[in-house]
Amino acid sequence: MQKEMNLNNENAWNQHAYEAWVNRYGLPEEAAARMKHDPASRIRSFSRYAGELQGKKVANLLGSHGGKAVPMALLGADVTVIDFASENAKYACELAAAAGVSIRYVVNDVLELPDAELSGSYDLVLMEFGILHYFLDLFSLSTVIAKLLRPGGKLILQDFHPVSTKLISSRGTTAAIRKHKVTGDYFDTSLEETDVAYAKFVTGTADPGAMLKVMLRKWTLGEIITGTASAGLFIEQLEEEANASSDVFDKGIPKTFTLVARKL
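None of these values were measured; they are calculated from a predicted model. (Residues numbered from 1 in each chain as written. Predicted model: local features only at pLDDT ≥ 70, side-chain atom pairs only at ≥ 80, totals over all residues. Heavy atoms only, no water.)

Colleague: Would you mind showing me how to read the overall build of the protein chain here?
Modeller: Each helix and strand counted, the protein chain has nine helices and 11 strands in total. A compact globule built from 264 residues should have a C-alpha radius of gyration of about 18 Å, and the protein chain, at 18 Å, falls within 12% of that. On the principal axes, the C-alpha backbone points of the protein chain span a range of 45 × 45 × 40 Å. Burial analysis of the protein chain (264 residues in total) assigns 47% to the buried set. (Helix = DSSP H or I, 4+ residues; strand = E, 2+ residues; numbered from the N terminus. Rg over C-alpha atoms; globule rule 2.2 N^0.38 Å. Buried < 20%, exposed > 50% of the residue type's maximum accessible area, 1.4 Å probe, protein only.)

See below:
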């Protein structure tokens, strides 16, 4: 089932992704110029967990268009991105070249990495926003992460909080009229079909409504913690975070979380 889901999602993620990132961020040369100005600001959400990046070996799983990999490389990290979308790789590698840094990009299913890639040599594995729901088995994912990390190496996982993704729906386009309702089932384990994340940035050459959909499995916080710990990763921190905006209607609702785990 995981292989079938991954093939569907891989096909979906290879539909006009390069075009979408150009529409969203500009040409790689333009995005790189902005990124070089202040790379630290691009990783602010997790920098305090990562610490000094100079000389660290980092695996950025499902690192997409390189928006976090390139700033980390600019700050001195040796970064490998592992992602199944070749169009993501094209944008990310051009972005890195324009920024004057090198990243290694492995176009591969994370769960199908060859043994040679599972080197146990990474200081840090980063998974950042919208990653976990592409996996049907968190134990298998955590096992791969454990094989990538050196002893003492660290996992930083940042993602959207399950309360917001599984339980609450929002209506209204502005803060003044936005309302939240409990419409979901927090414990629902079914797959959800939805637009690929960048669909709204595809214009001109394709109809976003006609694009292939992705299949997602949304997890509870308990499942995420258990799935991480079950592979032998020691959980050091779990921080639940409010919406960073000043929207009063989002006050008191957890929007994101950060989990930090270490390989002993």
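Colleague: Explain the side chain of threonine 256 here, please?
Modeller: Here threonine 256 is to be found in strand β11 (residues 254–263). A distance of 2.6 Å separates the side chain of threonine 256 from the side chain of glutamate 241, its partner in a polar contact. The contact partners of threonine 256, leaving out residues within four places of it in the chain, are Phe129, Asp159, Phe160, His161, Glu239, Glu240 and Glu241. (Polar contact = N/O pair within 3.5 Å; in protein donor to acceptor, adjacent residues only side chain to side chain. Contact = heavy atoms within 4.5 Å.)

Colleague: It is not clear to me how the pairing of strand β3 (residues 104–107) should be interpreted in this structure. Could you clarify?
Modeller: Along any regular strand, the residues point their side chains to alternate faces of the sheet. Pairing of strand β2 (residues 78–83) with β3, which is carried by four bridges, proceeds in the parallel orientation. When the sheet's bridge partners are listed, isoleucine 82 is paired in β3 with valine 106. Regarding topology, helix α6 (residues 86–99) serves as the crossover connection from β2 to the parallel β3, and that connection is right-handed. (Pairing = 2+ DSSP bridges. Right-handed = clockwise from strand over helix to strand, strands pointing away.)

Colleague: Would you explain the sheet that holds strand β4 (residues 122–128) in this entry?
Modeller: Strand pairing in a sheet relies on backbone hydrogen bonds. The paired strands run either parallel or antiparallel. In spatial order, the strands read β3-β2-β1-β4-β5-β11-β10; together these seven strands make up an open sheet with mixed pairing. A strand with exactly one partner marks an edge of an open sheet, and here the two such strands are β3 and β10 (233–242). Across the sheet, the mean angle separating the axes of adjacent strands is 15 degrees when strand polarity is ignored. Of the strands in this sheet, β2 and β3 are in contact with α6, which crosses β3 at around 170 degrees. Sheet strands touched by helix α9 (residues 221–229): β5 (149–160), β10 and β11. Its angle to β10, the strand with the most contacts, is close to 155 degrees. (Axes fitted to C-alpha atoms, helices over the stretch in contact; angles between N-to-C directions.)

Colleague: Quick question: what am I supposed to make of the environment of isoleucine 103 here?
Modeller: For isoleucine 103, the position within the fold is in the loop between α6 and β3. Between the alpha carbons of isoleucine 103 and aspartate 78 there is a distance of 7.1 Å; along the sequence they are 25 residues apart. Excluding residues within four positions of it along the chain, isoleucine 103 makes contact with Ala69, Ala73, Val79, Val81, Ala92 and Ala96.

Colleague: Hey, could you run me through the environment of lysine 90 in this one?
Modeller: Mapping lysine 90 onto the fold places it in helix α6. Sequence separation between lysine 90 and alanine 12 is 78 residues, and the spatial gap between their C-alpha atoms is 16 Å.

Colleague: Would you explain the packing of aromatic side chains in this entry?
Modeller: We describe a pair of aromatic rings using the distance from one ring centre to the other and the angle between the two ring planes. Overall, the coordinates contain seven aromatic pairs when judged by the stated rule. With a centroid separation of 6.5 Å and 70 degrees between ring planes, the pair formed by tryptophan 13 and tyrosine 134 is classed as edge-to-face. Placement of tryptophan 13 in helix α1 (residues 2–13) and of tyrosine 134 in the loop between β4 and α7 (138–148) is noted, with a sequence separation of 121 residues between them. The exposure class assigned to tryptophan 13 is buried, which follows from its relative accessible area of 9%. Note on tyrosine 134: relative accessible area 6%, which makes it buried. Between tryptophan 13 and tyrosine 198 the ring centres are 5.2 Å apart and the planes differ by 70 degrees, which places this aromatic pair in the edge-to-face class. A residue pair is termed long-range when its members are at least 10 positions apart, and tryptophan 13 in helix α1 and tyrosine 198 in the loop between β8 (192–194) and β9 (214–216) qualify at 185 residues. Overall, the relative accessible area of 0% leaves tyrosine 198 in the buried class. (Phe/Tyr/Trp six-rings, centres within 6.5 Å; stacked < 30°, edge-to-face > 60°.)

Colleague: I tried to follow the pattern of salt bridges on my own but got confused; where do I start?
Modeller: Side chains that differ in charge, positive against negative, can pair when their charged atoms come close. Here the structure, examined in full by the defined rule, presents nine salt bridges. The salt bridge partner of lysine 213 is aspartate 195, with a shortest N-O separation of 2.3 Å. With lysine 213 in the loop between β8 and β9 and aspartate 195 in the loop between β8 and β9, the pair connects residues that are 18 residues apart, well separated along the chain. For lysine 213, a relative accessible area of 28% translates into the label partly exposed. With relative accessibility at 39%, the residue aspartate 195 sits in the partly exposed group. We note a salt bridge from glutamate 223 to arginine 217, for which the minimum N-O separation is 3.1 Å. (Salt bridge = Lys/Arg side-chain N within 4 Å of Asp/Glu carboxyl O.)

Colleague: In this structure, what is going on with the environment of arginine 217? I would like to understand it.
Modeller: Looking at the secondary structure, you find arginine 217 in the loop between β9 and α9. For the pair formed by arginine 217 and glycine 63, sequence separation is 154 residues and the distance between their alpha carbons is 19 Å. Contacts of arginine 217, omitting those with residues within four sequence positions, involve Met5, Leu132, His133, Phe135, Leu136, Thr189, Leu191 and Glu223. For arginine 217, the side chain forms a polar contact with the side chain of glutamate 223, separated by 3.1 Å.

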